[in-house]
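Coordinate analysis (summary)
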Amino acid sequence: MKVTLRQRNKNGKISLYLDYYHKGKRKYAYLSVYLINKPRTSEERSFNTKTLKLCERIRAKRELKLQHGI
């Protein structure tokens, strides 16, 4: 089973969510985490990279749970 981390523009921010199939049905799990659209400073860029790493860890955990049937 594959879980994909996707991005969506929403109100000037980039919303992150997980997209996966479970028992033949497509499901979405919104993470309530947002990236800064068009970061200008190094702090904003580092915030975006840290947030993406966190969301990637969440994605990996969700994929493992689905593979093991939890």
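One structure accompanies this document, and this report is about it. Because the structure is a prediction, the values reported are computed rather than measured.

Rules of the game
- Residues numbered from 1 in each chain as written.
- Predicted model: local features only at pLDDT ≥ 70, side-chain atom pairs only at ≥ 80, totals over all residues.
- Heavy atoms only, no water.
- Helix = DSSP H or I, 4+ residues; strand = E, 2+ residues; numbered from the N terminus.
- Buried < 20%, exposed > 50% of the residue type's maximum accessible area, 1.4 Å probe, protein only.
- Salt bridge = Lys/Arg side-chain N within 4 Å of Asp/Glu carboxyl O.
- Polar contact = N/O pair within 3.5 Å; in protein donor to acceptor, adjacent residues only side chain to side chain.
- Contact = heavy atoms within 4.5 Å.
- Phe/Tyr/Trp six-rings, centres within 6.5 Å; stacked < 30°, edge-to-face > 60°.
- Lys NZ or Arg CZ within 6 Å of the ring centre and 35° of its normal.

**A few points about unusual backbone geometry**
Trans is the common state for peptide bonds, and a negative phi is the common state for residues other than glycine. If you check the backbone angles, Asn 11 has positive phi at about 55° while not being a glycine. For Asn 11, the location among the structural elements is in the loop between β1 (3-10) and β2 (13-22). Look at Asn 11 and you get exposed, because its relative accessible area is 74%. Located in the positive-phi region is Ser 32, a residue other than glycine, with phi close to 55°. Counting through the fold element by element, Ser 32 comes out in strand β3 (residues 25-36).

**Here's the deal with the pattern of salt bridges**
Taken as a whole and judged by the stated rule, the model has four salt bridges. The partner of Asp 19 in a salt bridge is Arg 26, with the nearest N and O atoms 2.7 Å apart. Accessibility expressed as a relative area gives 5% for Asp 19, which makes it buried. As a salt-bridge pair, Arg 59 and Glu 63 come within 2.4 Å of each other at their nearest N and O atoms. Taken together, the residues Arg 59 and Glu 63, both in helix α1 (residues 42-68) and four residues apart, mark about one turn of the helix.

**Observations concerning the side chain of Asp 19**
Within the fold, Asp 19 resides in strand β2. A distance of 2.7 Å separates the side chain of Asp 19 from the side chain of Arg 6, its partner in a polar contact. A distance of 2.7 Å separates a polar atom in the side chain of Asp 19 from a polar atom in the side chain of Arg 26. For Asp 19, the contacting residues outside a window of four places in its chain are Lys 2, Val 3, Thr 4, Arg 6, Arg 26, Lys 27 and Tyr 28.

**Describing the packing of aromatic side chains**
Per the stated rule, a full pass over the model turns up two aromatic pairs. Ring centres 5.9 Å apart and planes at 65° place the aromatic pair Tyr 17 and Tyr 28 in the edge-to-face group. Of the two residues, Tyr 17 is situated in strand β2 and Tyr 28 in strand β3; the sequence distance between them amounts to 11 residues. For Tyr 17, a relative accessible area of 12% gives the class buried. Residues Tyr 17 and Tyr 30 carry aromatic rings whose centres are separated by 5.0 Å and whose planes lie at 35° to one another, so their mutual orientation is tilted. Linking Tyr 17 in strand β2 with Tyr 30 in strand β3, this pair joins segments that are 13 residues apart in sequence. One aromatic cluster in this structure is built from Tyr 17, Tyr 28 and Tyr 30. Above the face of the Tyr 34 ring, Lys 13 is positioned so that its terminal group lies 5.4 Å from the ring centre.

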